[in-house]
Amino acid sequence: MRPVRIAPVAIAAVLCAIVALSGCGGSSDGGGTSPSVASPTGAAQRPTSTAELTIASPENGDRLAGDTAQLEIDLKGAEVVDQTSTDLRPDEGHLHVTLDGKLVSMTSGTSQLLADLTPGEHLIQVEFVANDHAPFDPRVLAAVTFEVKG
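Conventions adopted
- Residues numbered from 1 in each chain as written.
- Predicted model: local features only at pLDDT ≥ 70, side-chain atom pairs only at ≥ 80, totals over all residues.
- Heavy atoms only, no water.
- Core = buried A, V, L, I, M, F, W, Y, C linked by side-chain atoms within 4.5 Å.
- Buried < 20%, exposed > 50% of the residue type's maximum accessible area, 1.4 Å probe, protein only.
- Helix = DSSP H or I, 4+ residues; strand = E, 2+ residues; numbered from the N terminus.
- Contact = heavy atoms within 4.5 Å.
- Phe/Tyr/Trp six-rings, centres within 6.5 Å; stacked < 30°, edge-to-face > 60°.
- Pairing = 2+ DSSP bridges.
- Axes fitted to C-alpha atoms, helices over the stretch in contact; angles between N-to-C directions.
- Salt bridge = Lys/Arg side-chain N within 4 Å of Asp/Glu carboxyl O.

As a further point, take the nonpolar core. Counting 25 residues, the largest nonpolar core has Leu53, Leu71, Ile124, Val126, Phe128 and Phe146 as the members making the most contacts within it. For this core, the element with the highest residue contribution is strand β11 (residues 135–148), accounting for 6 residues. The contact partners of Ile124, leaving out residues within four places of it in the chain, are Ile55, Pro58, Leu71, Val97, Thr98, Leu99, Leu114, Ala142, Ala143, Val144 and Phe146.

Pasting the structure below:
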């Protein structure tokens, strides 16, 4: 698998979304961990997740006709939930989907239609993030490239 680069614009969009969504959603019923834990150096640490994330469709290297692709995500060892919370659990979170470095959705679903795709190569990245929309440490990412035939 080739290294994944995350564009600064995508990082900025995710950070803006975190701020915008921090007051949204419900709360969890407990059993979580603190949203940040101080390390010996005083820096905040993110929670760890043992979730496994893969993109089932499209597959890496697929060549697709038309201007749509059906994104199918497989998440094992964790659950995608609707609510935003600061009560972080390693087995609960949301999915952030980026297409060609641009955030296209923050979803609690594992299936999504990607529409209006232009001809050429595209990169889909999906990240399983904690209930506060910030990444786990280490990050839980999956990525594939595919081509849309013109």
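From this point, the narrative continues.
It is worth spelling out unusual backbone geometry at this point. Look at the link from Ser57 to Pro58: it is a cis peptide, with omega at -5°. Between Asp137 and Pro138 the backbone carries a cis peptide bond, its omega angle lying at 5°. Mapping Pro138 onto the fold places it in strand β11. The phi torsion at Asp100 lies on the positive side, around 55°, for a residue other than glycine. Structurally, the position occupied by Asp100 is in the loop between β7 (92–99) and β8 (102–107).

Scanning all chains against the criterion turns up 1 aromatic pair. Note on Phe128 and Phe136: the rings are 5.3 Å apart at their centroids and 25° apart in plane angle, and the pair reads as stacked. Each of the two residues, Phe128 as well as Phe136, counts as buried.

It is worth spelling out the environment of Leu123 at this point. Positionally, Leu123 belongs in strand β10 (residues 120–129). By relative accessible area, Leu123 is classed as partly exposed at 21%. For Leu123 and Lys102, which are 21 residues apart along the polypeptide, the C-alpha to C-alpha distance reads 9.9 Å. With residues near it in sequence (within four places) discarded, Leu123 still touches Thr98, Leu99, Asp100, Ala143, Val144 and Thr145.

Further remarks concern the environment of Gln45. In this structure, Gln45 sits in strand β2 (residues 44–45). Gln45 sits 92 residues away from Asp137 along the chain, and the two C-alpha atoms are 7.8 Å apart.

What follows concerns the sheet that holds strand β5 (residues 69–76). Strand order across the open sheet formed by 3 strands is β3-β5-β9, with antiparallel pairing between neighbours. At either end of the open sheet lies a strand with only one pairing partner, and these are β3 (52–57) and β9 (111–114). Here the strands of the sheet are splayed against their neighbours by 25° on average, with no regard to which way each runs. Here β3 runs beside β5; their pairing, made up of 5 bridges, is antiparallel. From the neighbouring strand, Ser57 faces β5, where its bridge partner is Glu72.

Counting across every chain of the model gives 6 salt bridges. Measuring nitrogen to oxygen at the nearest pair gives 2.9 Å for the salt bridge that ties Asp132 to Arg46. Of this pair, Asp132 sits in the loop between β10 and β11 while Arg46 sits in the loop between β2 and β3, and the two are 86 residues apart along the sequence. For Lys76, the salt bridge goes to Asp74, with nearest N and O atoms at 4.0 Å. The class of Asp74 is partly exposed, set by a relative accessible area of 30%.

In short, geometric facts, not functional conclusions.
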